[in-house]
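Chain by chain, the residues run as shown.
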Amino acid sequence: MATRQEKHFKNYQFEQVPRPSGKGYKNTYKYIGDYYTWDLPSQKLWRERQCFVLVEVIFAVLYFGAAVQNIEPNKVALVAVPSICSLAAWVFELIAIGFFSFVKLPLNDNSAYFRTNFVA
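In this text the structure is predicted, and so the values were computed from the model without any measurement.

Enquirer: I'd love a proper account of the environment of Gly98, names of residues and values included.
Expert: Relative to the assigned elements, Gly98 resides in helix H3 (residues 77–102). Each C-alpha atom, one on Gly98 and one on Phe52, is 9.0 Å from the other, the two residues being 46 residues apart in sequence.

What follows is the structure, given as structure tokens:
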């Protein structure tokens, strides 16, 4: 049975890189596993991104349209507190959709993962 460390580093290859100062080595792990890519022409990828934004805008209108209704369930804490918690999760979704839709990343090569996660 594989240990936790072996499972964690399953798709990584250990490398020792010389330090710039010339004193010793730096231990690094290079990812050698499969990457997830968008294998789409740029026009279809643009359309996909726009669909994500459109769905998110429609969801925002429906969400806030339901939240501002002057009805009794919106005034009860049993309904309002979970609604506020779902709003917090929705903010993370907005950030992810915005990042995917408006940040220009090369999503078709193996180094895109590292640039996305700000790893040098």
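Enquirer: Before we move on, can you summarise the confidence of the model for the protein with the specific residues and values?
Expert: Per-residue pLDDT for the protein has a mean of 76; in total, 76% of the residues score no lower than 70. Strand S1 (residues 12–18) holds the highest mean pLDDT among the elements of the protein, 85, whereas helix H4 (residues 112–116) holds the lowest, 51.

Enquirer: Give a detailed account of the packing of helix H2 (residues 42–67) against H3, specifying residues and quantitative values.
Expert: Each pair of packed helices can be summarised by the angle the axes make with each other and by the distance between the axes. Running from N to C, H2 and H3 cross one another at 160°; their axes reach a closest spacing of 10 Å. Taken together, H2 and H3 sit at an angle that is classed as roughly antiparallel. Both H2 and H3 take part in a crossing whose hand is left-handed. On H3, the residues touching Leu45, Arg49, Phe52, Val53, Glu56, Phe59, Ala60, Tyr63 and Phe64 of H2 are Ser83, Ser86, Leu87, Trp90, Glu93, Leu94, Ile97, Phe100, Ser101 and Phe102. Taken together, the residues of the contact of H2 with H3 sort by class into 13 nonpolar, three polar and three charged.

Enquirer: Hey, could you go over the side chain of Glu56 for me, with residue numbers and the actual values?
Expert: You can see Glu56 is positioned in helix H2. Although Glu56 is buried, it makes no salt bridge; Arg49 carries the closest opposite charge, 14 Å away. Separated by 2.6 Å, the side chains of Glu56 and Trp90 make a polar contact. Glu56 has contacts with Trp90, Glu93, Leu94 and Ile97, leaving out every residue within four places of it along the chain.

Enquirer: Go over the packing of aromatic side chains, please, and point to the residues and values.
Expert: Tallying each qualifying case throughout the model produces six aromatic pairs. Consider the rings of Phe59 and Tyr63, whose centres lie 6.1 Å apart with planes at 45°: the pair is tilted. Taken together, the residues span about one helical turn, with Phe59 and Tyr63 both in helix H2 at a distance of four residues. For Tyr63, a relative accessible area of 17% translates into the label buried. Pairwise contacts between aromatic rings join Phe59, Tyr63, Phe64 and Trp90 into one cluster.

Rules of the game
- Residues numbered from 1 in each chain as written.
- Predicted model: local features only at pLDDT ≥ 70, side-chain atom pairs only at ≥ 80, totals over all residues.
- Heavy atoms only, no water.
- Helix = DSSP H or I, 4+ residues; strand = E, 2+ residues; numbered from the N terminus.
- pLDDT = per-residue confidence, 0-100.
- Axes fitted to C-alpha atoms, helices over the stretch in contact; angles between N-to-C directions.
- Parallel < 35°, antiparallel > 145°, perpendicular 65-115°, else oblique.
- Left-handed = near helix turned anticlockwise from the far one by under 90°.
- Contact = heavy atoms within 4.5 Å.
- Nonpolar A, V, L, I, M, F, W, Y, C, P; charged D, E, K, R; others polar.
- Buried < 20%, exposed > 50% of the residue type's maximum accessible area, 1.4 Å probe, protein only.
- Lys, Arg positive; Asp, Glu negative; His and termini not counted.
- Salt bridge = Lys/Arg side-chain N within 4 Å of Asp/Glu carboxyl O.
- Polar contact = N/O pair within 3.5 Å; in protein donor to acceptor, adjacent residues only side chain to side chain.
- Phe/Tyr/Trp six-rings, centres within 6.5 Å; stacked < 30°, edge-to-face > 60°.

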